[in-house]
Amino acid sequence: MDSDDEGGFNSAASSIELDEEMSSSVDFDSDVELDDYQEDETAFEATAKDLAPRRKAYEVEYRVYSPKDIQAQQDDQVAEVANLLEQPPEATAILLRHVRWNKERLIEQYMDAQEELLDKAGLGQDISKNPPRLQVIDGFCCDICCEDTPGLESFAMNCGHRFCVDCYRQYLVQKIKGEGEAARIKCPGDGCNKIIDAKSLDLLVPTELTERYNELLMRTYVDDKENLKWCPAPNCVYAVECGVKKRDLNKIVPSVHCDCKHAFCFGCTLADHQPCPCVLVKKWLKKCEDDSETANWISANTKECPKCHSTIEKNGGCNHMTCRKCKNEFCWMCMGVWSEHGTSWYNCNRFEEKSGSDARDAQAKSRQSLERYLHYYNRYANHEQSAKLDKDIFHKTEKKMTLLQSSSGMSWIEVQFLEAASQALQQCRQTLKWTYAFAYYLARNNQTAIFEDNQKDLEMAVENLSEMFEKSTDQLAGLKVEMMDKTTYCMRRRVILLDDTAKNLKEQTWEFIVDMV
Amino acid sequence: MAGMSSKRLQKELAKIQGTLPPGISLVSADNLREWQMDLTVPDNPIYPPNEPYRLRFQFSPNYPIEAPECVFLALPNPERKVPIHPHIYSNGIICLDLLDAQGWSPVHNVESICISLQSMLASNTKAERPPGDAEFVATNRRRPRDINFLYHDPSV
């Protein structure tokens, strides 16, 4: 009986597990299918944008929208839902903002508890029956300015809180201009939650302010939607749509390219950091902030207490050290315990003693981790620096291109290879930089070896191309073919590296030395 | 729009000079842009009933669209202390949603603020300063309206 029961229990449990596995894998498959489908649809666009002929594992589906597109998208959604709910567009817009543009949830809530929803969203029921208008009411006294001149024009939303037009207007101006509010401007009445709608607003404020109001609304629209983000480049007005969810960020690095040419990560909006996933980028930047220069100094000037590993700088005096933290007494020269030293305070001739060599071994180990960090950091910082220098070259390139046109009689189109090379260099350095942060967190195994080979190949290709830029202008014309070859080669190495890392990331086969949270 | 705020302040002043709820009194309003009021708290052992607290109101030309700046003052003569309360810093700055852009409504006025503060003190059961008072008082150089308080504790 017992064993039967157990058997039954086990099989049931394992079948559940299997089910879960099955369903999750089905999910994943359907994702992939969707991806493939979209890929086919936009394959042409992708080709035009990147040098890569097809969408690779490291590329994601995204679209760039202008402010006009966003407005249109917003209007479309409002119109669609307005139709369904039989509410005027102004009220629908308020409702949609209330549920952060989650249409399905809005419709569901509207069907379930219409009045409650309208109330919570700051709407009355009869907005369609009473269009907003200014009124003159006998004996009216404005609670804000205390004005009671006969014939004073006043306004109230359907909550009934009535104020004179001047006060209402000034209140709205203050909210929009002063506080940058738009989607949730409430009635000026105390504790009233009614939200001002676009139609009432049009009636009350000057046109230039309605423009600002719409701009602010658009901003909240993009901020509200999880799949939309503003391009973080200064002065850029575009927003990018991308379907990658937050929970997938450990499996993919969603780099997008805005129409303003800025490449950024849709996950964290930092500049493109492929192949390194967002979590590691965050950890790495934090670490660099804490450590970089300090680490260098510590490495050069200090030792650690052999007992508690506090970092100690010796700023003079004899070799007899007493750790401030743990009161351990040791010798600065050999790191051994002081009690074995006797009175030879300025000389240590006990270097071969066991306690000293053990302490030095432990020290070496902990120094090693610092050295390891510095190894990766120096290479990371070097590519960052070189990318900056390459950018200077890019500006010089333009000059070279015009020079080349006049000296060699080449046409504009014939000197474009220089710009292409310069851009490739920038892109590859950006990638290389982040490969070092990525590698720092990688556990050592066969996969890492492949990764490091790829890294080395890309690095060599980049340095080779970078070197050619130092050639004089008259030599450049003759190097055109070679340079184009090298550019293509660089880009190909980059694609290979990114493709490999992205594939393994997606399948979660990388082993990291830190938790991915 | 300074005209609106002056007119409103004049009307408010006229009303305050007439009648005020018990425990609230006008000290000075020589300058229409800066008033001082005294406040006593009835029925709370934390605050002696004969010990008034001094409030200073400063009005911007945008008043009453914008909230006035309202703080407790510590004075030597006559002696005025800053009342002890978990939402009042020892430099007199008050953390009250009513005085913040989000919680302010232009329908509020000096009298209603005084009443709110009076009841906030009357219902207080903790004779303590807000957490981090010393640090805030030592480092704060911002004006009260520019501080984003977190109104995390509506119970006091």
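Being a predicted model, the structure only gives us computed values, none of them experimental.

1. Description of the overall build of chain A
Turning to step 1, where the next piece is worked out: The helix and strand tally for chain A stands at 14 helices and 12 strands.
Turning to step 2, where the next piece is worked out: Across the 517 residues of chain A, 27% fall into the buried class.

2. Some remarks on the overall build of chain B
Turning to step 1, where the next piece is worked out: The number of helices and strands found in chain B is three helices and four strands.
Turning to step 2, where the next piece is worked out: The N-to-C order of helical and strand elements in chain B reads α-β-β-β-β-α-α.
Turning to step 3, where the next piece is worked out: Long-range pairs, those at least 24 residues apart, make up 54% of the contacts in chain B between residues at least 6 apart in sequence.

3. Considerations on the interface of chain B and chain A
Turning to step 1, where the next piece is worked out: In this complex, chain B contributes 14 residues to the contact, which on the side of chain A involves 13 residues.
Turning to step 2, where the next piece is worked out: Looking at side-chain class alone, the side of chain B that touches chain A contains seven nonpolar, three polar and four charged residues.

4. Some remarks on the pairing of strand 6 (residues 239-242) of chain A
Each regular strand shows side chains that alternate between the opposite faces of the sheet.
Residue and element names in this part refer to chain A.
Turning to step 1, where the next piece is worked out: Two elements, strand 1 (residues 62-65) and strand 6, share four bridges in a ladder whose sense is antiparallel. Its bridge partner lying in strand 6, V64 is registered against V240.
Turning to step 2, where the next piece is worked out: The pairing of strand 5 (residues 228-230) with strand 6 spans three bridges and is antiparallel. Bridging from a neighbouring strand, L228 pairs with E241 of strand 6.

5. Thoughts on the sheet that holds strand 6 of chain A
Residue and element names in this part refer to chain A.
Turning to step 1, where the next piece is worked out: Pairing is antiparallel across the open sheet formed by three strands, whose spatial order is 1-6-5. Each edge of the open sheet carries a strand with a single partner, namely strand 1 and strand 5. In this sheet, adjacent strand axes meet at a mean angle of 25° when their direction is disregarded.

6. Structural notes on the nonpolar core
Turning to step 1, where the next piece is worked out: By size, the foremost hydrophobic cluster in this structure holds 85 residues, and its most contacted members are C167, L172, A437 and V462 of chain A.
Turning to step 2, where the next piece is worked out: Residue contributions to this core peak at 11 residues, all from helix 11 (residues 416-440) of chain A.
Turning to step 3, where the next piece is worked out: When residues of this core are sorted by domain, at least three fall in each of domain 1 (130-205) and domain 2 (370-506) of chain A.
Turning to step 4, where the next piece is worked out: C167 of chain A has contacts with C142, I144 and C145 of chain A together with P106 of chain B, leaving out every residue within four places of it along the chain.
Turning to step 5, where the next piece is worked out: Counting residues in hydrophobic clusters, the runner-up holds 23 residues, among them Y89, I94, W104 and V110 of chain B.

7. Section: the pairing of strand 1 (residues 24-31) of chain B
Residue and element names in this part refer to chain B.
Turning to step 1, where the next piece is worked out: Judged from the five bridges that link them, strand 1 and strand 2 (residues 34-39) form a sheet pairing that is antiparallel. Each bridged residue has a counterpart across the sheet, and for I24 the counterpart in strand 2 is L39.
Turning to step 2, where the next piece is worked out: Where strand 1 folds back on strand 2, the antiparallel hairpin that results is connected by two residues.

8. Considering the sheet that holds strand 2 (residues 135-136) of chain A
Residues and elements named next belong to chain A.
Turning to step 1, where the next piece is worked out: Across the sheet, which stays open at both edges, the three strands sit in the order 2-3-4 with antiparallel pairing between neighbours. Each edge of the open sheet carries a strand with a single partner, namely strand 2 and strand 4 (163-164).
Turning to step 2, where the next piece is worked out: Pairing geometry for strand 2 and strand 3 (residues 153-155), over two bridges, is antiparallel. The residue bridging Q135 from the neighbouring strand is S154, located in strand 3.

9. Structural notes on helix 2 (residues 67-85) of chain A
Residue and element names in this part refer to chain A.
Turning to step 1, where the next piece is worked out: With 19 residues, helix 2 should cover 27 Å at 1.5 Å per step; its first-to-last C-alpha distance of 27 Å lies within 8% of that length.
Turning to step 2, where the next piece is worked out: Taken as a whole, helix 2 has its buried residues at I70, Q74, V78 and V81. Taken end-on, helix 2 shows its buried residues confined to a sector of 75°, consistent with a single buried face. Residues of helix 2 that are exposed and angled more than 90 degrees away from the buried face: K68, A72, D75, D76, A79, E80 and N83.
Turning to step 3, where the next piece is worked out: Against strand 1, helix 3 (89-98), helix 4 (103-112), helix 8 (207-224) and strand 6 lie the buried residues of helix 2.
Turning to step 4, where the next piece is worked out: Where helix 2 ends, the next residue or the one after it, E86, has phi of about 55°, a positive value.

10. Re helix 2 (residues 110-122) of chain B
Residues and elements named next belong to chain B.
Turning to step 1, where the next piece is worked out: In this model, helix 2 (13 residues) spans 18 Å end to end at C-alpha, consistent with the 18 Å of a helix rising 1.5 Å per residue.
Turning to step 2, where the next piece is worked out: The complete set of buried residues in helix 2 reads V110, I113, C114, L117 and L121. Projected onto a plane normal to the axis of helix 2, the buried residues spread over an arc of 100° and lie on a single side.

11. Digging into the packing of helix 12 (residues 446-468) of chain A against helix 14 (residues 480-506) of chain A
A pair of packed helices can be characterised by two numbers: the angle between their axes and the separation between those axes.
Residue and element names in this part refer to chain A.
Turning to step 1, where the next piece is worked out: Remark: helix 12 packs on helix 14, axes separated minimally by 9 Å, with the N-to-C direction vectors making an angle of 155°. Classified by the angle between their axes, helix 12 and helix 14 sit roughly antiparallel to one another. Judged by the twist between their axes, the crossing of helix 12 over helix 14 is left-handed. Residue-level inspection shows Q447, I450, F451, N454, Q455, D457, L458, A461, V462, N464, L465 and M468 of helix 12 in contact with helix 14, the latter providing M483, K486, T487, Y489, C490, R493, R494, I496, L497, D500, T501 and N504.
Turning to step 2, where the next piece is worked out: Class assignment for the residues of the contact of helix 12 with helix 14 results in 12 nonpolar, seven polar and five charged.

12. Here's the deal with the confidence of the model for chain B
Turning to step 1, where the next piece is worked out: Residues with a pLDDT of 70 or more make up 90% of chain B, whose mean pLDDT is 85.
Turning to step 2, where the next piece is worked out: Interface confidence for the predicted complex, expressed as ipTM, amounts to 0.78; the pTM equals 0.63.

13. Topic: unusual backbone geometry
Residues and elements named next belong to chain A.
Turning to step 1, where the next piece is worked out: Going from Q274 to P275, the amide bond is cis rather than trans, its omega being 5°.
Turning to step 2, where the next piece is worked out: Its location among the elements puts P275 in the loop between strand 8 (263-265) and helix 9 (278-301).
Turning to step 3, where the next piece is worked out: With a phi close to 55°, R100 is a non-glycine residue in the positive phi region.
Turning to step 4, where the next piece is worked out: Here R100 is to be found in the loop between helix 3 and helix 4.
Turning to step 5, where the next piece is worked out: When the 14 C-beta atoms within 10 Å are taken as the criterion, R100 is described as partly exposed.
Turning to step 6, where the next piece is worked out: The backbone of Q508 sits at a positive phi, close to 55°, despite the residue not being glycine.
Turning to step 7, where the next piece is worked out: Of note, Q508 is situated in the segment after helix 14.
Turning to step 8, where the next piece is worked out: Residue class for Q508 comes out exposed when judged on the 10 C-beta atoms lying within 10 Å of it.

14. Overview of the confidence of the model for chain A
In regions of low pLDDT, the predicted coordinates are not meant to be interpreted in detail.
Turning to step 1, where the next piece is worked out: Confidence along chain A averages 79 in pLDDT terms, with 82% of residues attaining 70 or more.
Turning to step 2, where the next piece is worked out: This stretch, residues 1-52 of chain A, has a pLDDT under 50; its non-local contacts, to residues over four places away or in other chains, come to 12 contacts.

15. Regarding the environment of T431 of chain A
All names here are of chain A.
Turning to step 1, where the next piece is worked out: Locating T431 in the fold gives a position in helix 11.
Turning to step 2, where the next piece is worked out: Placed 159 residues apart in sequence, T431 and D272 show a C-alpha to C-alpha distance of 8.1 Å.
Turning to step 3, where the next piece is worked out: Sequence-distant contacts of T431, that is, excluding residues within four places in its chain, are made with Q274, P275, R494, L497 and L498.

16. What to know about the packing of helix 6 (residues 165-178) of chain A against helix 8 of chain A
Residue and element names in this part refer to chain A.
Turning to step 1, where the next piece is worked out: Packing of helix 6 against helix 8 brings their axes to within 10 Å, and their N-to-C directions diverge by 50°. Between helix 6 and helix 8, the interaxial angle falls into the category oblique. Of the two elements, helix 6 crosses helix 8, and the hand of that crossing is left-handed. Of the residues in helix 8, those in contact with V173, I176 and K177 of helix 6 are L209, R212, Y213 and L216.
Turning to step 2, where the next piece is worked out: Of the residues in the contact of helix 6 with helix 8, the class split is five nonpolar, no polar and two charged.

Reading guide: rules and limits
- By convention here, each chain's residues receive numbers from 1 onward along its written sequence.
- To label them, take the chains in the order written and letter them from A, then take the ligands in the order written and number them from 1.
- Note on the predicted model: pLDDT of at least 70 is required for a residue's local features to be given, and 80 or more for side-chain atom pairs to be given and counted; whole-chain, interface and lining totals, by contrast, use all residues.
- Runs of E in the DSSP output that reach at least two residues are strands. Runs of H or I that reach at least four are helices, and both are numbered from the N terminus.
- In this scheme the burial state of a residue depends on its C-beta neighbours within 10 Å: 20 or more other such atoms mean buried, 12 or fewer mean exposed, and anything in between means partly exposed; the C-beta positions come from the backbone.
- Contact between two residues is assigned when their C-beta atoms, built from the backbone, lie within 7 Å.
- Under the grouping applied here, Gly and all other residues not named as nonpolar or charged are polar, the nonpolar ones being Ala, Val, Leu, Ile, Met, Phe, Trp, Tyr, Cys and Pro and the charged ones Asp, Glu, Lys and Arg.
- One requirement defines pairing of two strands: DSSP has to find at least two bridges between them.
- In this description, a line fitted to the C-alpha atoms serves as the axis of each element, helices being fitted only across the stretch in contact, and the angle between N-to-C directions of two axes falls anywhere from 0 to 180 degrees.
- Nonpolar cores are built from buried Ala, Val, Leu, Ile, Met, Phe, Trp, Tyr and Cys residues. These are joined into a set through C-beta atoms within 7 Å.
- As used throughout, domain bounds are those supplied by an automatic or database domain assignment.
- One fewer than the residue count of a helix, multiplied by 1.5 Å, yields its expected span.
- For this quantity, the arc is that covered by the directions from the helix axis to the C-beta atoms.
- For classification purposes, an angle smaller than 35 degrees is called roughly parallel, one larger than 145 roughly antiparallel, one from 65 to 115 roughly perpendicular, and anything else oblique.
- Crossing handedness is defined as follows: a turn of the near helix away from the far one that is anticlockwise and smaller than a right angle gives a left-handed crossing, while the clockwise case is right-handed.
- The quantity called pLDDT is the predictor's confidence in a given residue, expressed from 0 to 100.

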